[in-house]
Amino acid sequence: MHARTGAITAAALALVLVLSGCQTQSGKAEGPGPAHENDTAERAPGANPAHGAEPSPLAARTTEIPGLGPKTRQRMGLKTRQALVVRAEGVDANQGTAVLYERDSAGAWRPASDIWPTRNGVRGWTEHHRQGDLRTPIGVYGLTDAGGLLKDPGTKLPYDQGPGFTPPNRTNVEGEPLTGAFDYVVAVNYNRVAGHTPLSWTRPLGDARGGGIWLHVEHGAGTQGCVGLPRERMKELLRRLDPAAEPVVVMGPVAALAA
C-alpha cells in the first residue's frame, strides 16, 4: 500500500482543473458525481435472482467478458487482469451498471463483484469528450491513482488524502447535494498523466478536451462526466484494485462496447 498524503492543499489545487468532469478551471466541482449515505443498499434492477431476475454475475465464469467486442478487448492490453466494466443502454443514458472482472492464471475472466448501479454524465456518453459537454468519455482507461477527503480505506493504489477533495459547491447542476462526493475517488486516465494525484492538472490532449474524470461516490443524479458508484461500492473497489493487475475501466453504451 502506498501512502501519499495531500501535499497539494485545498487552497493550491482545490479542484482547479479544467474539466467537464468533476471540476472547472476555477476550481469548482461542476455538478454531478456523488454522495448519498443510503447508496449502500442500492442494487441494479434484476440483480436479485430471488425475484426471478438475472442471477448474480458471481456465479459465472467466462473466457471473455460478455458484451465486449474485439476492438474493445484489444484496447484493454494483454497484461490487464482487472477491468471495471460500466455499461449503459444508450448514448444518452446517464444511469447504468458496473461489474468488476478479474482474469485468472489460465486467462479466463470471471466476475469479482455483484452488479453495481452507476451514474454517468447527465447528457450521456461521447467518443469525443469536450470540456463542459456533460458527457462521459467512452473507452478503456487505466486506473492508477486514488485519493479522497477521507483516509485510505485500504487500497493498494497510491492514495492522496487531503482537503483538496472538498467539493467547493454544495449542490450539482441538478440541485443534488455534493456532500461526501469526493470522499473516495479513483482517477480515470482520460486526458491525464498517470502516476499523479487525482487533483493534478495535466492535460496531454489540451484543455478543450476536458479532464478530471473520476470514479467517485454517487450522489443521486447524472454527473458532469464522471462515473458515480454507491459509497460502499467505492470502498470495495478501492480495496480490490491492484496496480500489479494493471486495472482499467471499460465504459460506455452497450453498442459501443460491443465493437
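Asker: I'd like a rundown of the overall build of the chain, residues and numbers included.
Answerer: A tally of regular secondary structure across the chain gives four helices and 13 strands. Split into buried and exposed, the 259 residues of the chain put 55% on the buried side. Within the chain, contacts between residues at least 6 apart in sequence are counted, and of these 69% link residues at least 24 apart. Carbon together with sulfur atoms contributes 51% to the accessible area of the chain, which is approximately 10,800 Å² in total.

Asker: Could you give an account of the layout of surface pockets, with specific residues and numbers?
Answerer: Considering only enclosed or pocket space, the second largest pocket measures out at about 170 Å³ in volume. Lys-71, Thr-72, Arg-75, Glu-127, Ile-138, Gly-139, Val-140, Ala-256, Leu-257 and Ala-259 together form the lining of the second largest pocket. Among the secondary structure elements, those contributing two or more residues to the lining of the second largest pocket are α2 (70–76), β7 (139–142) and α4 (254–257). Here the element with the most residues in the lining of the second largest pocket is α2; it accounts for three residues.

Asker: Requested: an account of the pattern of salt bridges, with residues and values cited.
Answerer: Applying the stated criterion across every chain yields a total of 10 salt bridges. Two residues, Glu-236 and Arg-233, come together in a salt bridge whose shortest N-O distance is 3.0 Å. Pair noted here: Glu-236 and Arg-233 are both in helix α3 (residues 231–240), with a separation of three residues, about one helical turn. Counted as one network, the salt bridges with shared partners bring together Glu-102, Arg-110 and Arg-240.

Asker: Requested: an account of the side chain of Thr-72, with residues and values cited.
Answerer: Structurally, Thr-72 can be placed in helix α2. In this structure Thr-72 touches Val-140, Val-250, Ala-256, Leu-257 and Ala-259, once residues within four positions along its chain are discounted.

Asker: Give me the lowdown on the confidence of the model for the chain, citing residues and values where you can.
Answerer: A low pLDDT score tells you not to read the predicted coordinates there in detail. On average, residues of the chain score 83 in pLDDT, and 76% of them are at 70 or above. Counted against residues more than four places away or in other chains, residues 23–52, with its pLDDT under 50, gives 105 contacts.

Asker: Give a description of the packing of aromatic side chains that names residues and reports values.
Answerer: Note on aromatic pairs: each is described by the distance of the centres and the angle between the planes. Counting across every chain of the model gives three aromatic pairs. Residues Phe-165 and Trp-214 carry aromatic rings whose centres are separated by 5.8 Å and whose planes lie at 45 degrees to one another, so their mutual orientation is tilted. Of this pair, Phe-165 sits in the loop between β9 (159–161) and β10 (185–187) while Trp-214 sits in strand β11 (residues 214–217), and the two are 49 residues apart along the sequence. We classify Phe-165 as buried; its relative accessible area is 0%. Under the relative-accessibility criterion, Trp-214 is labelled buried at 1%. When the ring of Phe-182 is compared with that of Trp-214, the centres are 5.1 Å apart and the planes differ by 85 degrees; the resulting orientation is edge-to-face. Within this pair, whereas Phe-182 is found in the loop between β9 and β10, its partner Trp-214 is found in strand β11, the two being separated by 32 residues in sequence. Residue classification places Phe-182 among the buried residues on the basis of a relative accessible area of 2%. Taken together, the ring pairs connect Phe-165, Phe-182 and Trp-214 into an aromatic cluster.

Asker: Tell me about the nonpolar core, residues and numbers included.
Answerer: If you look at the biggest cluster of nonpolar residues, it comprises 29 residues, and the most contacted ones within it are Leu-84, Val-186, Val-188, Leu-215 and Met-251. Mapped by element, the contributors of at least two residues to this core are β1 (82–88), β2 (95–103), β11, β12 (227–229), α3 and β13 (248–253). What Leu-84 contacts, discounting residues up to four positions off in sequence, is Ala-98, Val-99, Leu-100, Trp-116, Leu-215, Leu-237, Val-248, Val-249 and Val-250. Grouped together as the second largest cluster of nonpolar side chains are 13 residues, Leu-68, Met-76, Val-85 and Val-248 included.

Asker: Got a sec to walk through the pairing of β13? Specific residues and values, please.
Answerer: The buried fraction of β13 is high, at six of six residues. The pairing of β1 with β13 spans six bridges and is parallel. Looking at β13, one finds that Leu-84 is bridged to Val-249. Looking at chain direction, β7 and β13 are connected through four bridges and run antiparallel. Paired with Val-140 across the bridge in β13 is Val-250.

The rules behind each value
Residues numbered from 1 in each chain as written. Predicted model: local features only at pLDDT ≥ 70, side-chain atom pairs only at ≥ 80, totals over all residues. Heavy atoms only, no water. Helix = DSSP H or I, 4+ residues; strand = E, 2+ residues; numbered from the N terminus. Buried < 20%, exposed > 50% of the residue type's maximum accessible area, 1.4 Å probe, protein only. Contact = heavy atoms within 4.5 Å. Areas by Shrake-Rupley, 256 points an atom, 1.4 Å probe, with all protein chains shown as cover. 1 Å grid on protein atoms, 1.4 Å probe; cavity = no way out; pocket = protein on both sides within 12 Å on 5 of 7 lines; lining within 4 Å. Points joined across faces, edges and corners; volume = space filled by probe spheres on them. Salt bridge = Lys/Arg side-chain N within 4 Å of Asp/Glu carboxyl O. pLDDT = per-residue confidence, 0-100. Phe/Tyr/Trp six-rings, centres within 6.5 Å; stacked < 30°, edge-to-face > 60°. Core = buried A, V, L, I, M, F, W, Y, C linked by side-chain atoms within 4.5 Å. Pairing = 2+ DSSP bridges.

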